[in-house]
Every structure is written in structure tokens, then in C-alpha cells.
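Reading the structure
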Amino acid sequence: MAKTMLCEPSAAADLILSGNAPPGLQVDGKLNLAGKSKLHQLPAGLTCYELNASGTSLVSLPDDLSVECALELEGCRRLQSLPANLKVGTLNVANCTNLEALPERLDVWFLNVSGCTKLTQFPQRATIAHGSLNVNGCLSLVALPDYLTDFGTLDIGNCPQLTTLSPRLQISSWIEIAGSGLKSLPPHLQHVGIRWRGVLIDQTTAFFPEQLQAPTVLKEPNAERRRVMIERMGVDRFMREAGTERLHADRDPGGPRELLRVPMQGDEDIVCLSVNCPSTGRHYLLRVPPTMKTCRQAAAWMAGFDDDKLYQPVKET
């Protein structure tokens, strides 16, 4: 039987970072190794209540690692694998961009794999339930397994290939969908709150933005929700329908241009520069800060000039 050594967290961290940690090291509390970029491996048989090794150079973890509560590995960009049968309350491997798969028989309540751009699939057998699941930004993920059945919250934002959800999936609170491939919620999830980059929105805003109208948007009292509605509707169409006020007008090589404003109650006004491209003739409505007073000032700001007097283009495009 391997010997064990009980150690305080700070002393354990020193042993691990020096490379002198014995196998079977037991840490009394939370072991914090976050940001130690030179850390490449953990001792075999390591046991602790919580482990934070975020931002380290770990490539893999010991097969017999035991963490009771939370395992934080965010930003471990060299991490390639996790041990099979890993059981922990919370697992955070966000932005582990080399991680391609999760281990078989994984057992967690709260799982964060956001930003794991190489992750293509979940294990065939796992227990991931009751807490929350965050797969935001998993660009290669095309589906969630049918055994995922019960969550408080689900974040599938920025997963463009994820277009459907299992009929067995139950969510008690909310689902984040911005940037996902989801076009509607299945009937059994109609009661779930819908979020767009953290803002609670309705089904029309989420899935039928073509039905939004400017008067409805202008009457929305919540500023954050109103911004999402304008984003989903499109600034160009919103400005056309909202009844814009012209602040200034002049000409550039593309032709006439206008600085337009829509006053927003309880929020900053929406100001846009209306221009035509001199090369293609296409019309563009470009949002600029509400402090802009003239078309030239707005064009200068878009070119990176705070002082429009310094903006002296040979030809504006």
C-alpha cells in the first residue's frame, strides 16, 4: 500500500512546484496552483477538496487524482486529456483549446467546457446532470448526447453547428442561445427562459426577429433587452422604421451622407452615419457614438481619429 502524506495547502503547493511532492499527497483544503505556467504534472494519488490549476502547462492529469468538490483547469491550453472515471462536483476546463474529448464515465454536476474549440463530442457514458452545462464557443460540437437530461441552466451560445436539442433534455431555469444554430425550442422546453448574451428575451426576439417592429422596440422599458431587440432586428431596418432625426448632412466621394439619430428613453441615443461606398455604390448605415455632431466627425472617429481636424484622407472610401 502506497504511503500517504497529509499536508497544508501552501506547503503542498511548494512541494508540487519544486517537483518533490511524494505520491499519495493529501491536501487539507483547497490547493491553489493557478497561474503557475511552469507546472507540467501533478503527483500520482493526489487528493484534495478543491484544486485550482488554471493557466498551467498541464498536458494530462494522474489517473488516480481525487478532487471532492471543484476542479478548476481554465485556460490550460496544453491540456489534452482527463482521466477516465473522473468524479467531481464542478469541472471547469473553459478555454482548454487542445482538449478534444471528455473522459468516459465522467461524473459531474457543474460542467464548463466553454471555449474548447476542438471538442467534438461527449463521452458515450457519463453522468452530467442537476447543475449547469456551459458549452459556449465549442465551435466543433455538433450535438449533445441523449443522456443529458436534467439541468438548471444550459449555455449553447456560439455553437453554430448545434441545431437541435434532445427531446429528453429538461431545463428548469434558462438557456443561452446567442450565436448557436438553434432555430426554435422544442415543445417541452417552451417554459424555459431564453437568454441572448445574458439578457432575458422572448421567443419573437430569439427566433423571429423579422416580426419585430420599431414601435415595439421603442416601448421596451428594459435598456439591455431593447439593445438585443435592435441587434436582432438590424440597426438599418430599425433606423428606417423608427423615424430618424437628421443631425447633419454633407457629401463625400460616395455622394450624399447623413448623420442620423433616434432618441432612446433611458438609454444613450442611437446615432448612425449614412454613407455610400464610392467603389461599389452600396449604402451603409454605420453606428457611431452619440456624441458625434457632424458627418466628418463621425467618419474621422471610424478611421480612428478623436480629432476630426487631423483626419485628412486623400480619398474617403
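Owing to the predicted nature of the structure, the values given are computational and were not obtained by experimental measurement. Every residue gets a number counted from 1 within its own chain, in the order that chain's sequence is written. It should be noted that, the model being predicted, local features are given only for residues of pLDDT at least 70 and side-chain atom pairs only at 80 or more, the latter also being counted only at that level, while totals for whole chains, interfaces and linings use all residues. The side-chain values count all of the structure's non-hydrogen atoms but skip hydrogen atoms and water molecules.

The next point concerns the overall build of the protein chain. Tallying secondary structure elements over the protein chain gives six helices and 16 strands in all. Taken over C-alpha atoms, the radius of gyration comes to 26 Å for the protein chain, far larger than the 20 Å a tight globule of 317 residues would show. A principal-axis box enclosing the C-alpha atoms of the protein chain has dimensions of 85 × 50 × 35 Å. With a 1.4 Å probe rolled over the protein chains alone, any residue whose accessible area is under 20% of its type maximum counts as buried; one over 50% counts as exposed, and the rest are partly exposed. Sorting the 317 residues of the protein chain into buried and exposed places 44% on the buried side. The contact definition used throughout considers only heavy atoms, calling two residues in contact when any of these lie within 4.5 Å. Restricting to contacts in the protein chain with at least 6 residues of sequence separation, those with at least 24 account for 15%. Here the protein chain displays about 16,200 Å² of accessible surface, and carbon together with sulfur accounts for 48% of that area. A positive count includes Lys and Arg, and a negative count includes Asp and Glu. His and the chain ends are not counted in either. For charged residues, the charge sits on one atom: NZ in Lys, CZ in Arg, CG in Asp, CD in Glu. Looking at the protein chain, you have 31 positive and 34 negative side-chain charges, and the mean spots of the two groups are 5 Å apart. Labels follow the DSSP assignment, with helices taken as runs of H or I lasting at least four residues and strands as runs of E lasting at least two, numbered in each case from the N terminus. Values of the radius of gyration come from C-alpha atoms, whereas the globule rule sets the reference at 2.2 Å times the count of residues to the power 0.38. Only the protein chains shown count as cover for residues, and all accessible areas are computed by the Shrake-Rupley method using a 1.4 Å probe.

This brings us to the pairing of strand β5 (residues 66-72). Two strands are counted as paired when DSSP detects at least two bridges linking them. Bridging between strand β4 (residues 47-52) and β5 involves five bridges; their strand directions are parallel. Bridge pairing in β5 links E50 to A70. Where β5 and strand β6 (residues 90-92) come together, three bridges link them in parallel fashion. From the neighbouring strand, L71 faces β6, where its bridge partner is L91.

Let us now look at the side chain of N52. By the element assignment, N52 lies in strand β4. Reaching out from N52, the side chain makes a polar contact with the side chain of S54 at a distance of 2.9 Å. Sequence-distant contacts of N52, defined by excluding residues within four places in its chain, comprise K30, L31, N32, L33, A34 and E72. Each polar contact in these results corresponds to two N or O atoms within 3.5 Å; when the atoms are within protein, one needs to be able to donate a hydrogen and the other to accept it, and residues that are neighboring in sequence are counted only if both atoms are side-chain atoms.

For the rest of this paragraph, the subject is the side chain of S57. Considering the arrangement of structural elements, one finds S57 in the loop between β4 and β5. Ignoring anything within four residues of it in the chain, the contact list for S57 reads K36, S37, L39, H40 and R78.

Attention now goes to the packing of aromatic side chains. To pair, rings of Phe, Tyr and Trp, with the six-membered ring standing in for Trp, must have centres within 6.5 Å; the planes then decide the type, stacked if under 30 degrees apart, edge-to-face if over 60, and tilted in the middle. All chains considered together, the criterion is met by one aromatic pair. Taking 5.6 Å as the distance between ring centres and 45 degrees as the angle between the ring planes, the aromatic pair formed by F305 and Y311 counts as tilted. Take Y311: its relative accessible area is 10%, and that puts it in the buried class.

Turning to the sheet that holds strand β14 (residues 255-262), a few remarks are in order. Here we have four strands laid out as an open sheet, ordered β13-β14-β15-β16, and antiparallel in their pairing. Looking along the sheet, the strands with just one partner apiece sit at the ends: β13 (245-252) and β16 (283-288). Within this sheet the neighbouring strands show an average axis-to-axis angle of 20 degrees, counted without direction. Two strands pair when backbone bridges link them, and β13 and β14 are joined in this way by seven bridges, in the antiparallel orientation. Pairing of H248 across the sheet is with L259, part of β14. Under this scheme, a helix contributes an axis fitted over its contacting stretch, all axes are lines through C-alpha atoms, and angles between N-to-C directions fall in the 0 to 180 degree range. Lying on the sheet, helix α5 (residues 235-242) is in contact with β14, β15 (270-276) and β16; it crosses β14 at an angle near 75 degrees.

So, about the state of the cysteines. Throughout, a disulfide means two cysteine sulfur atoms within 2.5 Å of one another. Evaluation of the coordinates by the stated rule reveals zero disulfides. Between C96, a cysteine without a disulfide, and C76, which holds the nearest cysteine sulfur, the sulfur-to-sulfur distance is 5.0 Å. Just so you know, C116 is unpaired, no disulfide at all, and the nearest cysteine sulfur is the one on C96, 5.3 Å from it.

Next up on the list: unusual backbone geometry. Even without a glycine there, the phi angle at N95 is positive, about 60 degrees. Note that N95 resides in the loop between β6 and β7 (106-112). N95 sits in the partly exposed class, given a relative accessible area of 29%. The phi dihedral of R105 is positive, around 60 degrees, even though this residue is not glycine. Positionally, R105 belongs in the loop between β6 and β7. Accessibility expressed as a relative area gives 35% for R105, which makes it partly exposed.

Moving on, we get to the pairing of β14. Remark: two residues form the turn of the hairpin made by β13 and β14, two consecutive strands paired antiparallel. Both β14 and β15 contribute to a ladder of five bridges, which runs antiparallel. What sits directly across from E258, in β15, is S274.

Turning next to the pattern of salt bridges. Salt bridge, as used here: a side-chain nitrogen of Lys or Arg that lies within 4 Å of a carboxyl oxygen of Asp or Glu. A complete count under the given rule lists 13 salt bridges for this structure. Between R197 and E231 there is a salt bridge, with its nearest N and O atoms 2.2 Å apart. Placement of R197 in the loop between β11 (193-196) and β12 (199-201) and of E231 in helix α4 (residues 223-233) is noted, with a sequence separation of 34 residues between them. A relative accessible area of 53% places R197 in the exposed class. What makes E231 partly exposed here is its relative accessible area of 40%.

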